[in-house]
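Residues per chain, in single letters:
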Amino acid sequence: MLFLVAALLLLGFALGAVAHAPLSFTLVAAAVIGVWLAVFAVRERGRRRHQH
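Note that the structure is a prediction, hence the values are computed from the model and not measured.

Novice: Before we move on, could you go through the overall build of the protein chain and cite the residues and values that matter?
Specialist: When helices and strands are counted, the protein chain shows 2 helices and 0 strands. A compact globule built from 52 residues would reach a C-alpha radius of gyration of about 10 Å, whereas the protein chain, at 16 Å, exceeds it by more than 25%. A total of 52 residues make up the protein chain; the buried ones form 2% of that total. Total accessible area on the protein chain is roughly 5,000 Å²; 76% of this is exposed by carbon and sulfur atoms.

See the structure below:
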């Protein structure tokens, strides 16, 4: 439960920071995070295929 509260607090902090950032910076940051998550997902999928 404490982990959930901490995660929600961090999410609120991040959203508050994004609200004050310029739109172009927000879009670039979102794109970078999206690419990073996609690369991570592809690597994890490849790693799980090789384990079986």
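Novice: Just give me the short version of a nonpolar patch on the surface, but keep the residues and values in it.
Specialist: Where nonpolar side chains cluster on the molecular surface, the patch consists of M1, L2, L4, V5, L8, L9, L11 and L15 and spans about 900 Å² of accessible area. Summarising the element assignment, L11 is placed in helix 1 (residues 2-20). Its relative accessible area of 46% is what places L11 among the partly exposed residues.

Novice: Go over the pattern of salt bridges, please, and point to the residues and values.
Specialist: For the structure on display, the rule yields 1 salt bridge. One salt bridge in this structure joins E44 and R47, with 2.9 Å as the shortest N-O distance. You can see E44 and its partner R47 sitting in helix 2 (residues 23-51), 3 residues apart, about one turn around the helix. Judged by its relative accessible area of 41%, R47 is partly exposed.

Novice: Please give an account of the environment of G12 that cites residues and values.
Specialist: In this structure, G12 sits in helix 1. Spatially, the C-alpha atoms of G12 and I33 are 17 Å apart, while their sequence positions differ by 21 residues.

Novice: Help me get a handle on the environment of E44, residues and values and all.
Specialist: Judged by its relative accessible area of 22%, E44 falls in the partly exposed class. Side-chain polar atoms of E44 contact the side chain of R47, separated by 2.9 Å.

Here is what the cut-offs are and how they apply
- Residues numbered from 1 in each chain as written.
- Predicted model: local features only at pLDDT ≥ 70, side-chain atom pairs only at ≥ 80, totals over all residues.
- Heavy atoms only, no water.
- Helix = DSSP H or I, 4+ residues; strand = E, 2+ residues; numbered from the N terminus.
- Rg over C-alpha atoms; globule rule 2.2 N^0.38 Å.
- Buried < 20%, exposed > 50% of the residue type's maximum accessible area, 1.4 Å probe, protein only.
- Areas by Shrake-Rupley, 256 points an atom, 1.4 Å probe, with all protein chains shown as cover.
- Patch = residues over 30% accessible without salt bridge, like charges linked within 9 Å, V, L, I, M, F, W, Y side chains within 5 Å.
- Salt bridge = Lys/Arg side-chain N within 4 Å of Asp/Glu carboxyl O.
- Polar contact = N/O pair within 3.5 Å; in protein donor to acceptor, adjacent residues only side chain to side chain.

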